[in-house]
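Coordinate analysis (summary)
The primary structure of each chain is shown beneath.
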Amino acid sequence: MERDGVAIDDLVDRYLKRYVANYVWDGMPDDMPEGYVEDRLFWQGNVSAKNVKGLGPAVMAASPTSVSLYGTPLKWLPTGIYGNVALPTLNNINKESDNPVLSVGSSPYSMIEPYIEIMRKAMNALNLNVAAMSQPVLVQAQPGVELKARMLESDLGTGKVYIPVIDSGAVPAEVLDLKATDHTVNLLGVIHDMDAEILTILNIRSTLEKASGISTAEASASDQEILEGLDHGLRLRQQWCERINAVLGTNFSVRLADSAVIEQPDVSGENTEDEKEEENGPADQ
């Protein structure tokens, strides 16, 4: 599957779905699929809306054509339009507009793309490393046994255990041990680190923190960074709702999804060991 010129595999789709789930939009056009605004922000970084004759209010990705002194979009053109739209309606959609734009800056996809590429390479290397350790044999033979070499490769590819027994007198061949080195721990570490970085960029809490040896202090710092990103994103979205509603007469609204809320530990009633000793006296020796 391809989206905005980018091939969408399971890896990208996983992060897209989790990003889209951060915010819940209400009061949107009836024919607009759930998560559409966040989907467009993920790929384009900018979204706006306009009244389209025959459609009413329509939300779409925006490509800025001019910006203010502070870099905020002033005018924009629609982009990423899908589906079969009648030509008169399409011409109306494609007109330049100065309606308010919701901008999150660089698109989240462009920010995580380098980490995804590293993760893909680590996954491919991991697959090769595991395969090499599963059946570390190499058959060197004359051209006449090429078919048998291919059969061996096919058996290895399907995960079958296959040990060649060759009569060297009849078929000149040699079986070599590849002596594959186990790199799985290092490769899994790279994959985990890239995953954690991507989730932080997308303001998504990692579900692997407890199992990865991350300390409580490190996890709290990560949660704080994600919480600040979510709050900032919510303010941007709510401000845009107010501005676009004033222009279009709509009732768009947005809130943070329950699944994205990070509960902060209540430490108001906790005392340190020193404070407890001051209150209760030193412990018995």
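Structure's up top.
Residues numbered from 1 in each chain as written. Predicted model: local features only at pLDDT ≥ 70, side-chain atom pairs only at ≥ 80, totals over all residues. Heavy atoms only, no water.

Observations regarding a negative patch on the surface
Which entries qualify depends on this criterion: Every patch collects residues that have over 30% relative accessible area and no salt bridge, joining them within 9 Å if they carry like charges and within 5 Å if they are nonpolar side chains (Val, Leu, Ile, Met, Phe, Trp, Tyr). Each accessible area is a Shrake-Rupley estimate made with a 1.4 Å probe; only the visible protein chains count as cover when residues are assessed. Salt bridge, as used here: a side-chain nitrogen of Lys or Arg that lies within 4 Å of a carboxyl oxygen of Asp or Glu. For the charge count, each Lys or Arg is scored as positive and each Asp or Glu as negative, with His and the chain ends excluded. We put the charge of a Lys on NZ, of an Arg on CZ, of an Asp on CG and of a Glu on CD. A run of H or I in DSSP counts as a helix once it spans at least four residues, and a run of E counts as a strand once it spans at least two, with each numbered from the N terminus. Using a 1.4 Å probe on the protein chains alone, a residue whose accessible area is under 20% of its type maximum counts as buried, one over 50% counts as exposed, and one in between counts as partly exposed.
A cluster of like negative charges, contributed by Asp193, Glu197, Glu225, Glu228 and Asp231, occupies part of the molecular surface. Residue assignment for the negative patch shows that the elements contributing at least two residues are α6 (184-201) and α7 (216-248). Examining the composition of the negative patch, we find that three residues originate from one element, α7, more than from any other. Relative to the helices and strands, glutamate 225 resides in helix α7. Glutamate 225 gets classed as partly exposed once you look at its relative accessible area, which sits at 47%.

Considerations on the packing of aromatic side chains
Put simply, the rule is: Two rings from Phe, Tyr or Trp (for Trp, the six-membered ring) form a pair when their centres sit within 6.5 Å of each other. Planes less than 30 degrees apart are called stacked, planes more than 60 degrees apart edge-to-face, and all others tilted.
Summed over the entire model, instances satisfying the criterion amount to six aromatic pairs. Both rings, one in phenylalanine 42 and one in tyrosine 109, keep their centres 6.0 Å apart while their planes meet at 55°; by these two values the pair is tilted. In this pair, phenylalanine 42 sits in helix α2 (residues 36-44) while tyrosine 109 sits in helix α4 (residues 108-134), placing the two residues 67 residues apart along the sequence. Between the aromatic rings of tryptophan 240 and phenylalanine 252, the centroid separation amounts to 6.1 Å while the plane-to-plane angle is 25°, which identifies the pairing as stacked. Of this pair, tryptophan 240 sits in helix α7 while phenylalanine 252 sits in the loop between α7 and β10 (253-256), and the two are twelve residues apart along the sequence. The exposure class assigned to phenylalanine 252 is buried, which follows from its relative accessible area of 4%. Each member of the aromatic cluster is reached from another via a ring pair, and the members are Tyr19, Phe42, Trp43 and Tyr109.

Brief notes about the pairing of strand β4 (residues 46-52)
The test is simple: Here, a strand pair is defined by DSSP locating no fewer than two bridges between the strands.
Among the seven residues in β4, six count as buried, and that is most of the element. Sheet topology places β4 next to strand β7 (residues 102-103); two bridges connect them, and they run antiparallel. Looking at β7, one finds that asparagine 46 is bridged to serine 103. The pairing of β4 with strand β5 (residues 56-67) spans six bridges and is antiparallel. Among the inter-strand pairings, valine 52 is bridged to a residue of β5, identified as glycine 56. The turn joining β4 and β5, which pair antiparallel and follow one another in sequence, is formed by three residues; a positive phi near 95° is taken by glycine 54.

So, the environment of valine 130
Mapped onto the secondary structure, valine 130 falls in helix α4. Judged by its relative accessible area of 37%, valine 130 is partly exposed. Residues valine 130 and alanine 180, spaced 50 residues apart in sequence, show a C-alpha to C-alpha distance of 9.0 Å.

Details of the sheet that holds β5
Each strand in a sheet pairs with another by means of backbone hydrogen bonds, the pair being arranged parallel or else antiparallel. Read from one edge to the other, the open sheet built from four strands follows the order β6-β5-β4-β7, with strand pairing classed as antiparallel. The open sheet has two free edges, formed respectively by β6 (73-79) and β7, since each of these has just one partner strand.

Interpretation in functional terms is not warranted from these geometric data alone.
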